[in-house]
Amino acid sequence: MKSSRESPASGPRQHLLETASRLFYLEGINAVGVDRILQQAGVTRATLYRHFAGKEALVVAYLEREDALIRHHLEAAADRAVSPDHMLELVIEGIAEDAWRHHTRGCPFINATAEFPDPANPVRQVVGRHRVWFREVLEEYLTAAGREDSAMKADTLVMLRDAVLVGSYLDDSEASRRTFLRTARCAAGLP
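Residues numbered from 1 in each chain as written. Predicted model: local features only at pLDDT ≥ 70, side-chain atom pairs only at ≥ 80, totals over all residues. Heavy atoms only, no water.

### Digging into the overall build of the protein chain
- A tally of helices and strands in the protein chain yields 9 helices and 0 strands.
- Reading the secondary structure of the protein chain in the N-to-C direction produces α-α-α-α-α-α-α-α-α.
- Taking 2.2 N^0.38 as the reference for a compact globule, 191 residues should give roughly 16 Å; the C-alpha atoms of the protein chain span a radius of gyration of 18 Å, in line with that estimate.
- In the protein chain, which comprises 191 residues, the proportion classed as buried is 45%. (Helix = DSSP H or I, 4+ residues; strand = E, 2+ residues; numbered from the N terminus. Rg over C-alpha atoms; globule rule 2.2 N^0.38 Å. Buried < 20%, exposed > 50% of the residue type's maximum accessible area, 1.4 Å probe, protein only.)

### A short note on the environment of Pro84
- Locating Pro84 in the fold gives a position in helix 5 (residues 84-102).
- Exposure remark for Pro84: the relative accessible area of 37% places this residue in the partly exposed category.
- For the pair Pro84 and Thr143, spaced 59 residues apart in the sequence, the C-alpha separation amounts to 8.9 Å.
- If we ignore the near neighbours within four places in the chain, the residues touching Pro84 are Ala144 and Ala145. (Contact = heavy atoms within 4.5 Å.)

### As for the UniProt feature "DNA-binding region" (unreviewed entry) in the protein chain
- Mapped onto the present numbering, the UniProt feature "DNA-binding region" (unreviewed entry) falls at residues 33-52.
- Segment residues 33-52 splits into 75% helix and 0% strand. End C-alpha atoms: 15 Å apart. (UniProt positions renumbered as here; feature names shortened; annotations may be inferred.)

### Concerning the UniProt feature "domain: HTH tetR-type" (unreviewed entry) in the protein chain
- In the numbering adopted here, UniProt assigns the feature "domain: HTH tetR-type" (unreviewed entry) to residues 10-70.
- As a span, residues 10-70 carries 77% helix and 0% strand, and end to end its C-alpha atoms are 20 Å apart.

### Topic: helix 8 (residues 150-170)
- In this model, helix 8 (21 residues) spans 30 Å end to end at C-alpha, consistent with the 30 Å of a helix rising 1.5 Å per residue.
- Residues of helix 8 that are buried: Ser150, Lys153, Ala154, Leu157, Val158, Leu160, Arg161, Asp162, Val164, Leu165, Gly167 and Ser168.
- The inward-facing, buried residues of helix 8 contact helix 4 (55-80), helix 5, helix 6 (108-115), helix 7 (122-144) and helix 9 (173-187). (Expected span 1.5 Å × (residues − 1).)

### Notes on a nonpolar patch on the surface
- On the surface, a cluster of nonpolar side chains totalling about 270 Å² of accessible area is made up of Val166, Tyr169 and Leu170.
- Take Tyr169: it is sitting in helix 8.
- A relative accessible area of 38% means that Tyr169 is categorised as partly exposed. (Patch = residues over 30% accessible without salt bridge, like charges linked within 9 Å, V, L, I, M, F, W, Y side chains within 5 Å. Areas by Shrake-Rupley, 256 points an atom, 1.4 Å probe, with all protein chains shown as cover. Salt bridge = Lys/Arg side-chain N within 4 Å of Asp/Glu carboxyl O.)

Spelled out as structure tokens, the structure:
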């Protein structure tokens, strides 16, 4: 059964990307070779190079896919939100749910950064863009909800998101989830 985070297969490129994404996340980017990806996806090397310039381009696409999924979830939350405070609550609950159900082996962006230490690397550039965007979006939501010091509160929520993603992997995931929800709600000025 497919996870709700996976999109329906729409051809060899998408299938290859979904396979590589799963392997990169579960086993580590550098631990998974191109041959293993090709074997698991059931595609040829020519198919890989028809769609991606190489493994690094596939890694970039994997992280861009993760970014797109998060953006999609935030857009869906915005469609359901009835107030700015409700939006903050939906974001916080979404982060907790993501760490508890989907990203049970840590943050894909932090994990990738550990494997690609050079800030000039294209992989790190994707991570950097994602983190800047996510922080800015949180600041916008906090400002819309009338919070003072929204920039500082956004920084705090980003740090708490990092912590729950790592803590859910290393420690008791339910305890990490509860601690995150309590602390993030407080940081966002929610009851």
